[in-house]
Amino acid sequence: MSTIHLHQTTTLTPAQYVAGLTDFGPGRSKIFGNSADEYLKVHSKGTHDADVTEGSGGIWERLRYDWSNPRRVVLTTTDSNTWGGASGYVYTFPRQPNGTTEIDVVIVREGKNLKGKVLGLVLGTIGRSVLKKAFENSVKAIETRNSAARAAGASS
């Protein structure tokens, strides 16, 4: 089992990041590269939770999203062709006195078969940089989307 800790500072508020994280509409792959549109299936979505299948490159997982706590989002893997029951993500959003938000994410990958065990080992070692880059890109994409929305609102 691999546990990966990632961290990014952003000008986004926690609510803005959560809105991007929980936007399951078309084009999600532009924000989250490991969530290809052809894998995306929203089974249910409530006010503060969702049941979603997503993935890419032959790897998929069904996740239960829970964002009922505005400072924490938990994604629990409920089914996957690769990842086992301890897998998932926990995002926390400490606000800083200067107005920025720290986004901390802990990713747990428990392989449920040989493919998952090998991938978990790779992600926990040399693959960590790939996950870090994907996480940084998602933060930048949500920042860009929010800047564009503010600019559009200002010109109306």
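Preceding block: the structure.
None of the values given here were measured: they were computed from a predicted structure. (Residues numbered from 1 in each chain as written. Predicted model: local features only at pLDDT ≥ 70, side-chain atom pairs only at ≥ 80, totals over all residues. Heavy atoms only, no water.)

### Observations regarding the layout of surface pockets
Which entries qualify depends on this criterion: Space inside and on the surface of the protein is sampled on a 1 Å grid over the protein atoms alone, with a cavity defined as a set of points where a 1.4 Å probe fits but cannot get out and a pocket as an open set with protein on both sides within 12 Å along at least 5 of 7 lines; lining residues have an atom within 4 Å of a point. Grid points are joined across faces, edges and corners, and a volume is the space filled by probe spheres set on the points. A run of H or I in DSSP becomes a helix once it reaches four residues, and a run of E becomes a strand once it reaches two; helices and strands are each numbered from the N terminus. Note that Gly is not counted as nonpolar here; it falls among the polar residues with everything else outside the nonpolar set of Ala, Val, Leu, Ile, Met, Phe, Trp, Tyr, Cys and Pro and the charged set of Asp, Glu, Lys and Arg.
Approximately 670 Å³ is the volume found for the largest pocket. Lining of the largest pocket is provided by 29 residues; of these, Asn-34, Glu-61, Tyr-89, Arg-109 and Leu-131 occupy positions nearest its centre. Elements with a contribution of two residues or more to the lining of the largest pocket: strand E3 (49-56), strand E4 (59-69), strand E6 (88-92), strand E7 (101-109), helix H3 (114-124) and helix H4 (128-155). Considered class by class, the residues forming the lining of the largest pocket number 19 nonpolar, six polar and four charged.

### What about the pairing of strand E1 (residues 2-10)?
Where we set the bar: Buried residues are those whose accessible area, probed at 1.4 Å on protein chains only, stays under 20% of the maximum for their type, while exposed residues exceed 50% and partly exposed ones sit between those limits. For two strands to pair, DSSP has to find at least two bridges joining them.
Residues Ser-2, Ile-4, Leu-6, Gln-8 and Thr-10 of E1 are buried on one face, while the alternating residues Thr-3, His-5, His-7 and Thr-9, pointing to the opposite face, are not. In this sheet, E7 lies alongside E1 in antiparallel orientation, the contact comprising nine bridges. Paired with Ile-4 across the strands is Ile-107, a residue of E7.

### Some points on the pattern of salt bridges
Spelled out, the test is: Salt bridges are defined as contacts in which a side-chain nitrogen from Lys or Arg sits within 4 Å of a carboxyl oxygen from Asp or Glu.
Inspection of the entire model under this criterion finds seven salt bridges. Asp-23 serves as the salt-bridge partner of Arg-145, at 2.8 Å between the closest nitrogen and oxygen. Here Arg-145, found in helix H4, pairs with Asp-23, found in the loop between helix H1 (14-21) and helix H2 (28-31); they are 122 residues apart in sequence, far enough to count as distant. The exposure class of Arg-145 is partly exposed, given its relative accessible area of 32%. Since its relative accessible area comes to 31%, Asp-23 is described here as partly exposed. For Glu-136, the salt bridge goes to Lys-132, with nearest N and O atoms at 2.5 Å. On the criterion of helical spacing, the pair formed by Glu-136 and Lys-132 is a turn pair, its members being four residues apart in helix H4.

### Topic: H3
Spelled out, the test is: Taken from the helix axis, the directions to the C-beta atoms give the arc we talk about. Identification of polar contacts relies on pairs of N or O atoms within 3.5 Å, with a donor-acceptor requirement for protein atoms, meaning one able to donate a hydrogen and the other able to accept it, and with residues adjacent in sequence counted only if both atoms are side-chain atoms.
By the burial criterion, the buried members of H3 are Gly-116, Gly-120 and Leu-123. Each buried residue of H3 lies within a common arc of 70 degrees when the element is viewed along its axis, so the set occupies one face. Those residues of H3 that are exposed and aimed more than 90 degrees away from the buried face are Leu-114, Lys-117 and Leu-121. Looking at where H3 begins, the residue whose side-chain oxygen comes 3.3 Å from the main-chain nitrogen of Lys-115 is Asn-113.

### Focus on the nonpolar core
Note the following rule: For this analysis, a nonpolar core means a set of buried residues of the types Ala, Val, Leu, Ile, Met, Phe, Trp, Tyr and Cys, connected via side-chain atoms within 4.5 Å. Contact criterion: two residues are considered in contact whenever any of their non-hydrogen atoms come within 4.5 Å of each other.
Counting 30 residues, the largest nonpolar core has Tyr-17, Tyr-65, Val-73, Tyr-91 and Phe-135 as its most contacted members. Only E1, H1, E3, E4, strand E5 (72-80), E6, E7 and H4 provide two or more residues apiece to this core. Counting residues per element, this core draws most heavily on H4, which supplies five residues. For Tyr-65, the contacting residues outside a window of four places in its chain are Leu-21, Thr-22, Phe-24, Arg-28, His-48, Asp-49, Ala-50, Val-52, Glu-54, Val-74 and Leu-75.

### Structural notes on the sheet that holds E7
Going by this rule: Working convention: axes come from line fits to C-alpha atoms, limited for helices to the stretch in contact. Angles between N-to-C directions cover 0 to 180 degrees.
Strand order in the open sheet formed by seven strands is E1-E7-E6-E5-E4-E3-E2, and the pairing between neighbours is antiparallel. Looking at which strands have only one partner, the edges of the open sheet turn out to be E1 and strand E2 (41-45). With direction set aside, neighbouring strand axes in the sheet form an average angle of 20 degrees. For E5 and E6, the ladder comprises five bridges, and the chain directions are antiparallel. Each residue of the ladder has a partner; that of Val-74, found in E6, is Val-90. Helix-sheet contacts for H3 involve E1, E4 and E7, and the interaxial angle to E1 is about 45 degrees.

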